[in-house]
Amino acid sequence: MSTVAATKSKTYDMAYIAIFAVLMAVCSWISIPTTVPFTLQTFGVFMAVGVLGGKRGTLSVLVYILLGAVGVPVFAGFSGGIGVIFNSTGGYIVGFLLSALIMWGMEKLWGKKPVVQILSMVVGLVACYALGTIWFMVVYARNTGAVGLGTVLGWCVIPFIIPDLVKIALAFVLSRRVRKYVPIQQ
């Protein structure tokens, strides 16, 4: 690849990574406030990795989290700052990065076959739930008092299972279609 082509490819990569970081922000602003807000953030994460692939999609998630950490209001409720991440629901935000890393790893091991992509989204979501739930319990206990696992699952996971499975299905279908129009060097 020539120097000009390599530079053009890197420029496209940076632009697509930024676009999907912005998509995640917009998805987080579409929110129904609850203990853990209902948002479309997971949809944005799944779309980023589904369209851009593991490496670029994960970088997009990382950029999104870093933007929020430095105070850009990209999280649910137009919030931002490191305090949001260290709050009780911050583990779910960090879990987005874990989800993307899992999807990337599964892509590396088994390719981009449809069944692998769907399975990687589900496994990534479960990992996000696990990290977020543990984080929630620790921070909540420190700030308010001990809370049971069943209670936290009832607040933070169970109400989200069906909506998140719908987001996975939509992200799977849309990412496969959008990928046809995104000139990414794989």
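Residues numbered from 1 in each chain as written. Predicted model: local features only at pLDDT ≥ 70, side-chain atom pairs only at ≥ 80, totals over all residues. Heavy atoms only, no water.

A. Structural context of the overall build of the chain. When helices and strands are tallied, the chain shows 8 helices and 0 strands. Ordered by position from the N terminus, the helices and strands of the chain form the series α-α-α-α-α-α-α-α. For a compact globule of 186 residues, the expected C-alpha radius of gyration is about 16 Å, and the chain comes in at 17 Å, within 12% of that figure. Over its C-alpha atoms, taken along the principal directions, the chain stretches across nearly 60 × 35 × 25 Å. (Helix = DSSP H or I, 4+ residues; strand = E, 2+ residues; numbered from the N terminus. Rg over C-alpha atoms; globule rule 2.2 N^0.38 Å.)

B. Up close: the packing of aromatic side chains. Inspection of the entire model under this criterion finds 7 aromatic pairs. Between Trp29 and Phe78, the ring centres sit 4.9 Å apart and the planes meet at 20°, which makes this aromatic pair stacked. Of this pair, Trp29 sits in helix α1 (residues 3–29) while Phe78 sits in the loop between α3 (54–69) and α4 (82–85); the two residues are 49 residues apart in sequence, bridging distant segments of the chain. When its relative accessible area of 34% is taken as the criterion, Trp29 is described as partly exposed. Residue class for Phe78 comes out exposed when judged on its relative accessible area of 54%. Members of the aromatic cluster, joined through ring pairs, are Phe136, Tyr140 and Trp155. (Phe/Tyr/Trp six-rings, centres within 6.5 Å; stacked < 30°, edge-to-face > 60°. Buried < 20%, exposed > 50% of the residue type's maximum accessible area, 1.4 Å probe, protein only.)

C. Local environment of the nonpolar core. Ranked by size, the top nonpolar core spans 43 residues in total, and within it Phe46, Val61, Tyr64, Phe75, Phe96, Met121 and Cys156 carry the most contacts. Looking at this core, the elements that each hand over two or more residues are α1, α2 (41–52), α3, α4, α5 (90–110), α6 (114–143), α7 (149–156) and α8 (161–179). Counting residues per element, this core draws most heavily on α2, at 8 residues. Beyond its immediate chain neighbours, meaning those up to four positions away, Phe96 contacts Gln41, Thr42, Val45, Val61, Tyr64 and Cys128. (Core = buried A, V, L, I, M, F, W, Y, C linked by side-chain atoms within 4.5 Å. Contact = heavy atoms within 4.5 Å.)

D. Molecular detail of the side chain of Thr42. Counting through the fold element by element, Thr42 comes out in helix α2. Leaving out residues up to four positions away in the same chain, Thr42 has contacts with Phe96, Leu125, Asp164 and Lys167.

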